[in-house]
Amino acid sequence: MARTINDSATPPSPRNKEADESSAAGKKRKRKEVFPYGNYRAYYGYRVGKDAEEDLRFKVLKEEWFKGKDCLDIGCNSGIMTISIAQKFHCKTILGVDIDHERIKDAQWNLQKISKIEKIRKCSKNAVSTDAMHALNGLECARSLSQNKERNAYETGHPAQQRSLLDVVSFQHENFVESQHESPIDHYDTIICLSVTKWVQLNWGDNGLIKLFTKIWRLLHPGGILILEPQPWKSYCNNRLVTETTAANFRSIMFYPRYFQEILIDKIGFRAIENAASSVGNTKPGSGFNRPVLVLRK
């Protein structure tokens, strides 16, 4: 009589067993990896979404807030937004700070990479301009182009050809809430604080939030601008259990995001110049976020 084979009793092949163990180990590593300060890897890929050409917040940012100004970006993550602001709005300087040393390393790598790409593009443009001038054989044309370059420099006193992203953008590792903020620049014209306040409150409570707002006020020049993007309360609820500290601070929060503008105006001393929430427009599902952006002046 032929023996029947019980398929269910067939032992797994060594290859399948190895794959299962590898998958389980990978899932375990993922479960262990937490980002208690919002210091996510590839944050901007998640933030912007696959279909968006650029960060939606650029729809509400204005060149006049940045052009020729000293700027500070609090919670810069991998620096993509910081670098993009410098490129798009021609800051005099912009410093990005972040609590995560690894994100600052990412930002510095991105700065080097994007700076090299920009340098190659400028060299290509200069080569085309030189060929055109030779073809025209016009010294007046050459002189006019040179004058235009000087006028378009970023108001730093340096010749236009010497200005690059490396002259404008810098990054430093810093716990902004608790540090003394050591920087060559004593005061800033514009300070950006985008999607940071939730993590400050979850890690340092309401006292940390007031400390953040007060420090921003102190670092701004008179007439300086704060651009603030608070996260909604629902986002706090979703992230309250990241650590024991965030869970404990969540339970004691009294200053809800809806009160921030009132606190900044009545307690800190700012005056509102714009609430850009309605200007952002609706986003497609899965394409970044749609949050209010408050613009206040010292």
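Summarised in this report is the structure supplied together with it. Treat the numbers as computed from the prediction; the structure is a model and nothing was measured. (Residues numbered from 1 in each chain as written. Predicted model: local features only at pLDDT ≥ 70, side-chain atom pairs only at ≥ 80, totals over all residues. Heavy atoms only, no water.)

Before going further, it helps to examine helix α10 (residues 260-268). Turning to α10, its buried residues are F260, I263, L264 and I268. Looking straight down α10, one finds that the buried residues subtend no more than 95 degrees of arc, so they occupy a single side. Here the buried face of α10 lies against α7 (197-219), β5 (220-229), α8 (233-239) and β7 (294-297). In the stretch just after α10, G269 is the one whose phi turns positive, near 115 degrees. (Buried < 20%, exposed > 50% of the residue type's maximum accessible area, 1.4 Å probe, protein only. Helix = DSSP H or I, 4+ residues; strand = E, 2+ residues; numbered from the N terminus. Arc of directions from axis to C-beta. Contact = heavy atoms within 4.5 Å.)

Our focus in this paragraph is the packing of aromatic side chains. Two descriptors summarise a pair of aromatic rings, namely the distance from one centre to the other and the angle between the planes of the rings. By the definition in use, this model includes 11 aromatic pairs. A cation over an aromatic ring shows up here: K215 above the ring of F176, its NZ or CZ 4.5 Å from the ring centre. When the ring centre of F250 is taken as reference, the NZ or CZ atom of R240 above it lies at 5.9 Å. (Phe/Tyr/Trp six-rings, centres within 6.5 Å; stacked < 30°, edge-to-face > 60°. Lys NZ or Arg CZ within 6 Å of the ring centre and 35° of its normal.)

In this section: the environment of Q261. Among the structural elements, Q261 can be located in helix α10. Ignoring sequence-local partners within four residues, the contact set of Q261 consists of A272, N275 and L294.

Below, the discussion takes up the nonpolar core. Ranked by size, the top nonpolar core spans 31 residues in total, and within it L72, I191, F213, I216 and L226 carry the most contacts. When contributions to this core are tallied by element, the ones reaching two or more residues are β1 (70-74), β2 (93-98), β4 (188-194), α7, β5, α10 and β7. Tallying contributions element by element places α7 first for this core, with 8 residues. Here I191 is in contact with L72, I74, I216, L219, L220, I225, L226 and I227, once residues within four sequence places are set aside. Grouped together as the second largest cluster of nonpolar side chains are 29 residues, C76, I83, I114 and I225 included. (Core = buried A, V, L, I, M, F, W, Y, C linked by side-chain atoms within 4.5 Å.)

On to helix α3 (residues 80-89). Side chains of residues three or four places apart in an α-helix project in the same direction, reflecting 3.6 residues per turn. Residues of α3 that are buried: M81, T82, I83, I85, A86 and F89. Just beyond α3, the residue with positive phi is H90, at close to 60 degrees.

Taken together, the 7 strands give an open sheet; going across it, the order is β3-β2-β1-β4-β5-β7-β6, and neighbouring strands pair in mixed fashion. The sheet terminates laterally at β3 (169-173) and β6 (271-275), the two strands that pair on one side only. Going across the sheet, the axis of each strand differs from the next one's by a mean of 20 degrees, ignoring polarity. Here β1 runs beside β4; their pairing, made up of 4 bridges, is parallel. Considered in β4, the bridge of I74 is made with C193. Lying on the sheet, α10 is in contact with β5, β6 and β7; it crosses β6 at an angle near 150 degrees. (Pairing = 2+ DSSP bridges. Axes fitted to C-alpha atoms, helices over the stretch in contact; angles between N-to-C directions.)

On to the environment of P230, then. By the element assignment, P230 lies in the loop between β5 and α8. You can call P230 buried: its relative accessible area is 6%. Sequence spacing of P230 and F260 is 30 residues, and the spatial spacing of their C-alpha atoms is 8.2 Å. Excluding residues within four positions of it along the chain, P230 makes contact with T197, F260, R291, P292 and L294.

Inspection of every chain in the model, using the stated rule, returns 5 salt bridges. Across the pair K105 and E102 runs a salt bridge whose closest N-O atoms are separated by 3.5 Å. With K105 and E102 both in helix α4 (residues 101-136), this residue pair falls 3 residues apart, about one helical turn. Residue classification places K105 among the partly exposed positions, given a relative accessible area of 41%. E102 sits in the partly exposed class, given a relative accessible area of 38%. R103 serves as the salt-bridge partner of D106, at 3.0 Å between the closest nitrogen and oxygen. Of this pair, D106 and R103 both sit in helix α4, 3 residues apart, roughly one helical turn. Here D106 falls in the partly exposed class, since its relative accessible area comes to 30%. Judged by its relative accessible area of 5%, R103 falls in the buried class. (Salt bridge = Lys/Arg side-chain N within 4 Å of Asp/Glu carboxyl O.)

The residue N77 is not glycine, and still its phi comes out positive at about 55 degrees. Mapped onto the fold, N77 is located in the loop between β1 and α3. For N77, a relative accessible area of 4% translates into the label buried. Backbone geometry at H90 places phi at a positive 60 degrees, although glycine is not the residue there.

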